[in-house]
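# Tertiary structure, described
As a plain string of letters, each chain reads:
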Amino acid sequence: MLEGAVETLLERQKLVVEGAGAAGVAAVLAAPQRFGGRRVGIVITGGNMDARLLASILMRGLVREGRLVRLRCELPDVAGALSRLSGVIGKHAGNIVEVHHQRLFHDTSVKRAELDVVIETQNRRHVDTIIDALVAAGFPTRLLVTTADSDG
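Residues numbered from 1 in each chain as written. Predicted model: local features only at pLDDT ≥ 70, side-chain atom pairs only at ≥ 80, totals over all residues. Heavy atoms only, no water.

## Examining the nonpolar core
Soluble, globular proteins show a tendency: their nonpolar side chains are buried together. In plain terms, the rule: To qualify as a nonpolar core, a set must consist of buried Ala, Val, Leu, Ile, Met, Phe, Trp, Tyr and Cys residues joined through side-chain atoms within 4.5 Å. Throughout, exposure labels follow a simple rule: accessible area from a 1.4 Å probe, protein chains only, divided by the maximum for the residue type, with under 20% read as buried, over 50% as exposed, and the rest as partly exposed. Helix and strand assignments come from DSSP, with helices taken as H or I runs of at least 4 residues and strands as E runs of at least 2, each series counted from the N terminus.
If you look at the biggest cluster of nonpolar residues, it comprises 18 residues, and the most contacted ones within it are Leu71, Cys73, Leu85, Ile89, Val117, Ile119 and Leu134. Ranked by the residues each element gives to this core, the list is headed by helix H6 (residues 124-136), at five residues. Listed in part, the 11 residues of the second largest apolar core include Val6, Leu9, Ala22 and Met49.

Shown next as structure tokens:
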């Protein structure tokens, strides 16, 4: 909850606050019904946040929101297949951040390859649109669930 509060304060209010300083916001986010219909004041303190920790919190927030996802795609192991696959993602406004092209260590046919691709998207609906487009283009694709996805 503290991580979510830090992320919320940064994303919505543009405030950099350490975990302890965001505890009041975390309490409200954890039990909004408890505070409904009331005027609530929250003291927000402490901007002593390590840059790497802040970056990690922000990236994990993008994953939770479906704005940064990892897809596993299957493609024929032929010239131009990777280019066509990335073209489908680009045509649907996905931004490729990272690619891992795997031919040897997964349980796939010798004539096929698997591609793990991390992409920036607009939201979860946009992810579904990209997956549908990839499948329609002949690239079986699935969303790889992360720990952050299964947390909530």
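## A short note on the pattern of salt bridges
Note the following rule: Counted as salt bridges are all cases of a side-chain nitrogen of Lys or Arg within 4 Å of a carboxyl oxygen of Asp or Glu.
As enumerated under the stated definition, the model contains nine salt bridges in all. For Glu11, the salt bridge identified is with Arg67, shortest N-O distance 3.7 Å. Here Arg67 lies in the loop between helix H4 (51-64) and strand E1 (68-76) and Glu11 lies in helix H1 (residues 2-13), a separation of 56 residues in the sequence. Taking relative accessible area as the criterion, Arg67 reaches 29% and is therefore assigned partly exposed.

## Concerning the environment of Asn48
Assignment of secondary structure puts Asn48 in the loop between helix H3 (32-35) and H4. Considering only alpha carbons, one finds Asn48 and Val118, 70 residues apart in sequence, at a separation of 31 Å.

## Side note on helix H5 (residues 81-91)
Definition in use: In this description, one arc is meant: the one made by directions from the helix axis to the C-beta atoms. In this description, contact between two residues means that some pair of their heavy atoms is separated by no more than 4.5 Å.
Buried residues of H5: Ala81, Leu85, Val88 and Ile89, and no others. Buried residues of H5, seen end-on, are gathered within an arc of 95 degrees and therefore sit on one face of the element. H5 presents Ser83 and Lys91 as exposed residues on the side facing more than 90 degrees away from its buried surface. Residues of H5 that are buried make contact with E1, strand E2 (95-102), strand E3 (112-120) and H6. Count one or two residues on from H5 and you reach Ala93, which has phi positive near 65 degrees.

## Some details on the packing of H1 against helix H2 (residues 23-30)
Rule in force here: Here the axes come from fitting lines to C-alpha atoms, over the contacting stretch only for helices, and the angles between their N-to-C directions go from 0 to 180 degrees. Angle categories are assigned with fixed cut-offs, so that under 35 degrees is roughly parallel, over 145 is roughly antiparallel, 65 to 115 is roughly perpendicular, and the rest are oblique. Ten residue types, Ala, Val, Leu, Ile, Met, Phe, Trp, Tyr, Cys and Pro, are classed as nonpolar, four, Asp, Glu, Lys and Arg, as charged, and the remainder, Gly among them, as polar.
At their nearest, the axes of H1 and H2 sit 8 Å apart, and the two run at 105 degrees to each other. When the axes of H1 and H2 are compared, the pair comes out roughly perpendicular. Between H1 and H2, the residues in contact are Leu2, Gly4, Ala5, Thr8 and Leu9 and Ala23, Val25, Ala26 and Leu29, respectively. For the contact of H1 with H2, a count of residues per class yields seven nonpolar, two polar and no charged.

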